[in-house]
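Close look at the chain arrangement
Read off the chains here:
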Protein chains: 6
Amino acid sequence: MPIIQVEMLKGRTIEQKREMVKEITEVISRTANCPKEAVRIVIREMEFENFGINGELRCDI
Amino acid sequence: MPIIQVEMLKGRTIEQKREMVKEITEVISRTANCPKEAVRIVIREMEFENFGINGELRCDI
Amino acid sequence: MPIIQVEMLKGRTIEQKREMVKEITEVISRTANCPKEAVRIVIREMEFENFGINGELRCDI
Amino acid sequence: MPIIQVEMLKGRTIEQKREMVKEITEVISRTANCPKEAVRIVIREMEFENFGINGELRCDI
Amino acid sequence: MPIIQVEMLKGRTIEQKREMVKEITEVISRTANCPKEAVRIVIREMEFENFGINGELRCDI
Amino acid sequence: MPIIQVEMLKGRTIEQKREMVKEITEVISRTANCPKEAVRIVIREMEFENFGINGELRCDI
C-alpha cells in the first residue's frame, strides 16, 4: 500500500502528469512488489514564490 | 500535541469540514489521551488531476 | 480516497492505535462521504527530542 | 540535504517569505552543518477553512 | 526540483530501494523535464502497527 | 500556527537539534508575525539508505 507524494513547481500539463503517474505506479509496483491498484500518488504543485533553495525564493532566481 | 493531516479530493463543504475537524479532534483527544486544544488538523484538498490510483489520474476515471 | 496522517509523540499502545484508526476511519467515511475501505491512515511516532514547541525540545520540558 | 516544510495560514507577503527562506536556510546550514545550497524549503499556505484547532475551523474563530 | 516521498510498509531490501530510487528518478526527470540531479527522494518505512486501512491496523489483518 | 517539518539525515546531536528548534522558532515568529508558542517543529531523521539523490541511494555515495 505505498503512498507516493510528488512535490514540484507548477507548470506541468495533464499529459505530463498522466505519464508520470502511469510510470511511477509501474516502478513502485515492480520494485516494492505490490499490485498496481494499491499504489496511491498525490501530486502537489508549488507556486514559484513558495519554494526556496540556497536561501532564495525560486521566483527571484 | 498530535498533528493530523487529511488529504482528500476537492469538493467538500465547509459544513463537512467543520464536522470532520470537530469529531477527529474528539477521537484523537480520547484515544491519544491529550487535551483537545493540543490537536492541530490540516486539510489539504487535491485537484482531480493531481491524484493517481492504479496508474491513472483520478480525472480520467 | 482520503489519506490521513497522524503525527504524535511515542508511547501509545497498539490498543490505542487500533481504537484511533477504527474511529477516525468512521468519522472520515461519514463526513467526507466515502467508503471506509478507501481510507488510509498513517501513524508517525516522534521521539521526544524530535519535537519542538515554543522554541524548546519536548524532551527538555 | 535537509528538506524543510513550512505550513502556515495564507496572507504573508513575498517579502515575508523571502526573509523567512533566507534566515531559515542560514539556521539550518549552521546548526545541521551543511552547505546552504543543499537546503530546500517548501512553503504551504492553508485557507482558514482548512485548519482546525481545538476542534474548530480557524475561519470560525 | 521535485521532491518525492515514498511511504510504505517495512521489509524491502536495500537492493529494492536502490532500484526504486534509480527508476523513479528517471521517470520524474523525463516526465517533469528536469535534470536527474535535481530529484530528491525520501523513503519512509512504516511499522505494520502504524498503518490503517478500512478501519483496521495492518498488523491485525 | 505554523507547523515546520525538518527532514534530514541521521546523526545530529540533541544539542544541534536544541539550537535548531530555538532559532527556527525565532525566525518563524518574527517573519510570519506570530507568537513563539504557536510554532510547532517536527524533526524527521532519515537513514542513509532511505534518501535518494540523482538516482542513487545516499548510502552508496
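Above this text sits the structure in question.
Description of the structure in this document. (Residues numbered from 1 in each chain as written. Chains lettered and ligands numbered in written order. Predicted model: local features only at pLDDT ≥ 70, side-chain atom pairs only at ≥ 80, totals over all residues. Heavy atoms only, no water.)

Let us look at the interface of chain E and chain A. Listed by partner, the interface residues are 25 residues for chain E and 25 residues for chain A. Of the roughly 2,200 Å² buried between chain E and chain A, counting both surfaces, carbon and sulfur atoms make up 61%. Together, Met1(E), Gln5(E) and Thr31(E) form the three largest contributors to the area buried by chain E at its contact with chain A, with a combined 26%. With a closest N to O distance of 3.5 Å, Glu19(E) and Arg30(A) form a salt bridge. Along the contact surface separating chain E from chain A lie ten residue pairs in polar contact (both at pLDDT 80 or more). By residue number, the principal contributor to the side of chain E that touches chain A is helix H1 (residues 14-31) of chain E, which donates nine residues. (Contact = heavy atoms within 4.5 Å. Buried area = accessible area lost by both parts, 1.4 Å probe. Salt bridge = Lys/Arg side-chain N within 4 Å of Asp/Glu carboxyl O. Polar contact = N/O pair within 3.5 Å; in protein donor to acceptor, adjacent residues only side chain to side chain. Helix = DSSP H or I, 4+ residues; strand = E, 2+ residues; numbered from the N terminus.)

Before going further, it helps to examine the sheet that holds strand S4 (residues 56-57) of chain E. The strands that make up a sheet are held in pairs by hydrogen bonds between backbone atoms, and each pair lies either parallel or antiparallel. Spatial ordering of the open sheet is given by S4(D)-S3(D)-S2(B)-S1(B)-S1(C)-S2(C)-S3(E)-S4(E), a layout of eight strands whose pairing is mixed. Pairing within the sheet leaves two strands with one partner each, and these edge strands are strand S4 (56-57) of chain D together with S4 of chain E. Note: strand S3 (residues 51-53) of chain E against S4(E), two bridges, orientation antiparallel. Across the sheet, the residue bridging to Gly52(E) is Leu57(E), located in S4(E). Along the sheet, helix H1 (residues 14-31) of chain B makes contact with strand S1 (3-9) and strand S2 (40-46) of chain B, strand S1 (3-9) of chain C together with strand S3 (51-53) and S4 of chain D, crossing S2(B) at roughly 140°. Strand contacts of helix H1 (residues 14-32) of chain C: S1 of chain B, S1 and strand S2 (40-46) of chain C together with S3 and S4 of chain E, with the helix running at about 140° to S2(C), the strand carrying the most contacts. (Pairing = 2+ DSSP bridges. Axes fitted to C-alpha atoms, helices over the stretch in contact; angles between N-to-C directions.)

Glancing now at the interface of chain A and chain B. Listed as interface residues are 15 residues of chain A and, on the opposing side, 13 residues of chain B. Carbon and sulfur atoms supply 51% of the area buried between chain A and chain B, which totals about 1,300 Å² over both sides. Run the count over chain A and chain B and you get three salt bridges. A salt bridge links Glu49(B) to Lys17(A); the nearest nitrogen and oxygen atoms lie 2.6 Å apart. Between chain A and chain B we count eight residue pairs in polar contact (both at pLDDT 80 or more) in total. Residue assignment for the side of chain A that touches chain B shows that the elements contributing at least two residues are helix H1 (14-32) and strand S2 (40-46) of chain A. The residue makeup of the side of chain A that touches chain B, split by class, is six nonpolar, one polar and eight charged. (Nonpolar A, V, L, I, M, F, W, Y, C, P; charged D, E, K, R; others polar.)

Below, the discussion takes up the packing of helix H1 (residues 14-31) of chain D against helix H1 (residues 14-31) of chain F. Contact geometry for H1(D) and H1(F): axes closest at 10 Å, N-to-C directions at 170°. Regarding the angle of H1(D) to H1(F), the classification is roughly antiparallel. Counting all contacts with H1(D), which are made through Gln16(D), Glu19(D), Met20(D), Glu23(D), Ile24(D), Val27(D), Ile28(D), Arg30(D) and Thr31(D), the residues of H1(F) involved are Gln16(F), Glu19(F), Met20(F), Glu23(F), Ile24(F), Val27(F), Ile28(F), Arg30(F) and Thr31(F). Residues that form the contact of H1(D) with H1(F) fall into these classes: eight nonpolar, four polar and six charged. (Parallel < 35°, antiparallel > 145°, perpendicular 65-115°, else oblique.)

Everything listed is a geometric property; what it means functionally is a separate question.
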